[in-house]
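One letter stands for each residue in the lines below.
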Amino acid sequence: MLPPQNKWDDPAPGTEERLVGSDADGEDQAVEAALRPKDLDEFVGQEKVRQQLDLVLRAARQRGATADHVLLSGAPGLGKTTLSMIIAAEMGAPIRITSGPAIQHAGDLAAILSSLQEGEVLFLDEIHRMSRPAEEMLYMAMEDFRVDVIVGKGPGATAIPLELPPFTLVGATTRAGLLPPPLRDRFGFTGHMEFYEPSELERVIHRSARLLDVEIGEEGAAEIAGRSRGTPRIANRLLRRVRDYAQVEADGVITREVAGAALAVYEVDARGLDRLDRSVLQALLKLFGGGPVGLSTLAVAVGEERETVEEVAEPFLVREGLLARTPRGRVATPAAWAHLGLVPPQGGGGGAPGTGQGGLFGA
């Protein structure tokens, strides 16, 4: 079953056409539906979460009961939606898919809950963005399988209790810290999705290549995996673009050379950095001597919005150890100089070379 595209969930600035962006557009969702594993045995990676979830589901089936509520946290593109569908498949239950931003009123949630069948799985994506009234209604629904529907207004308002059939809530969030403790504590199982190792991504790529009827060598898969930012969604997207290049410019077989040439066309380098990432690093290194420099100043130098630099480019650069956030501003690491083939200025940087104005950009 395909999740509906979240039209209410606008993409972050600057991510709409990024080949290495972790958000899924309509095309990605359609392809993911075809490539998505159907059971836990097919699911690649996340070994700990997979083993723990397998125990939870097998125990529930043996008891003949619905599974405990499940909370999945982690970055976009790591398989939270896929696992929710696997949970429903393993339990032999239908799945209902919605999103936190779509539930703006308690009545919206009450309408969904009251229409659930016994044992059904309700997948609530971006659960941390649900409205507070709906969140408070969810507490009782998860714990007691009932909700109180308010009829009327003012002094004449009446609360009518509505019994719910047992169901399993699967919540997904990219920011688990924003969930209030009362909601987080009501989940019987919590799993955190980690970024994938290159070897795991190679397995994902080989599996996807078989399903897409693409011939790919070991070295070709390794080349794509190394540029996929530890994210299966990005790996599958890069595979499709490399497939196109191999079909048009080569003999259809993806080798290391073909993969490297294809991704060079799409400006994705050996570490998975794209044009935006490199422009941030180049501005930081060439214009400001490696920093420190303030975020607003860096964004102006790059020609992007402040939010685009902070929310789109920086997280991966920090995770790769190429950029550091400090109280004085953004600072490039030695790895950033090495990656771009540049030599740090004498004295270790600290501002634009020869200006002595590092502090001016540290706000």
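The preceding data block contains the structure.
Residues numbered from 1 in each chain as written. Predicted model: local features only at pLDDT ≥ 70, side-chain atom pairs only at ≥ 80, totals over all residues. Heavy atoms only, no water.

Chemist: Before we go on, may I ask you to explain the overall build of the protein chain in this structure?
Modeler: Of regular secondary structure, the protein chain possesses 14 helices and eleven strands. Considering the protein chain as a whole, with its 363 residues, one finds that 48% of them fall into the buried category. Per element, the accessible surface of the protein chain, about 17000 Å² overall, is 51% carbon and sulfur. (Helix = DSSP H or I, 4+ residues; strand = E, 2+ residues; numbered from the N terminus. Buried < 20%, exposed > 50% of the residue type's maximum accessible area, 1.4 Å probe, protein only. Areas by Shrake-Rupley, 256 points an atom, 1.4 Å probe, with all protein chains shown as cover.)

Chemist: Would you mind going over the packing of helix 11 (residues 275–287) against helix 13 (residues 306–319) with me for this structure?
Modeler: Two quantities define a packed helix pair, namely the angle between the helix axes and the distance between the axes. It is the contact of helix 11 with helix 13, at a shortest axis distance of 10 Å, that shows an interaxial angle of 90°. Relative to helix 13, the element helix 11 is oriented roughly perpendicular. Side by side, helix 11 and helix 13 meet where Leu 276, Asp 277, Val 280 and Leu 281 of the first sit next to Thr 308, Val 309, Val 312, Ala 313 and Leu 317 of the second. (Axes fitted to C-alpha atoms, helices over the stretch in contact; angles between N-to-C directions. Parallel < 35°, antiparallel > 145°, perpendicular 65-115°, else oblique. Contact = heavy atoms within 4.5 Å.)

Chemist: Can you walk me through the sheet that holds strand 2 (residues 95–99) in this structure?
Modeler: Adjacent strands of a sheet form backbone hydrogen bonds with each other and so pair up, either parallel or antiparallel. Strand order in the open sheet made by the five strands is 2-3-6-1-7, with parallel pairing throughout. Looking at the sheet topology across the chains shown, the edges are occupied by strand 2 and strand 7 (189–192). Neighbour-to-neighbour, the strand axes of this sheet turn through a mean angle of 15°, independent of strand direction. Two strands pair when backbone bridges link them, and strand 2 and strand 3 (residues 121–125) are joined in this way by five bridges, in the parallel orientation. (Pairing = 2+ DSSP bridges.)

Chemist: So what exactly am I meant to see when it comes to the packing of aromatic side chains here?
Modeler: The description of two aromatic rings rests on the distance between their centres and on the angle between their planes. Under the definition given, this model contains one aromatic pair. Positioned above the aromatic ring of Phe 195, the side-chain terminus of Arg 319 is 3.6 Å from the ring centre. (Phe/Tyr/Trp six-rings, centres within 6.5 Å; stacked < 30°, edge-to-face > 60°. Lys NZ or Arg CZ within 6 Å of the ring centre and 35° of its normal.)

Chemist: Help me out: how do you make sense of the side chain of Ser 228 in this one?
Modeler: Assignment of secondary structure puts Ser 228 in the loop between helix 8 (218–226) and helix 9 (232–249). Reaching out from Ser 228, the side chain makes a polar contact with the backbone oxygen of Ile 224 at a distance of 2.6 Å. (Polar contact = N/O pair within 3.5 Å; in protein donor to acceptor, adjacent residues only side chain to side chain.)

Chemist: Help me out: how do you make sense of unusual backbone geometry in this one?
Modeler: Leave glycine aside and you will find that most residues have negative phi; peptide bonds, for their part, are mostly trans. You will see that Phe 145, though not glycine, has its phi angle at about 55°, which is positive. The topology assignment puts Phe 145 in the loop between helix 5 (132–144) and strand 4 (146–151). With relative accessibility at 22%, the residue Phe 145 sits in the partly exposed group. Positive phi is not limited to glycine here, since Glu 267 has a value of about 60°. Secondary-structure assignment places Glu 267 in the loop between helix 10 (256–265) and helix 11.

Chemist: Which parts of the structure should I look at to understand the environment of Gly 289?
Modeler: Turning to its location among the elements, Gly 289 is positioned in the loop between helix 11 and helix 12 (295–302). The spatial distance from the C-alpha of Gly 289 to the C-alpha of Ala 332 is 8.6 Å, given a sequence separation of 43 residues.

Chemist: Can you walk me through helix 7 (residues 198–212) in this structure?
Modeler: Side chains of residues three or four places apart in an α-helix project in the same direction, reflecting 3.6 residues per turn. Spanning 15 residues, helix 7 covers 20 Å between terminal C-alpha atoms, matching the ideal 21 Å at 1.5 Å per step. Turning to helix 7, its buried residues are Glu 200, Leu 201, Val 204, Ile 205, His 206, Arg 207, Ser 208 and Ala 209. Two residues or fewer after helix 7 comes Asp 213, characterised by a positive phi angle close to 60°. (Expected span 1.5 Å × (residues − 1).)

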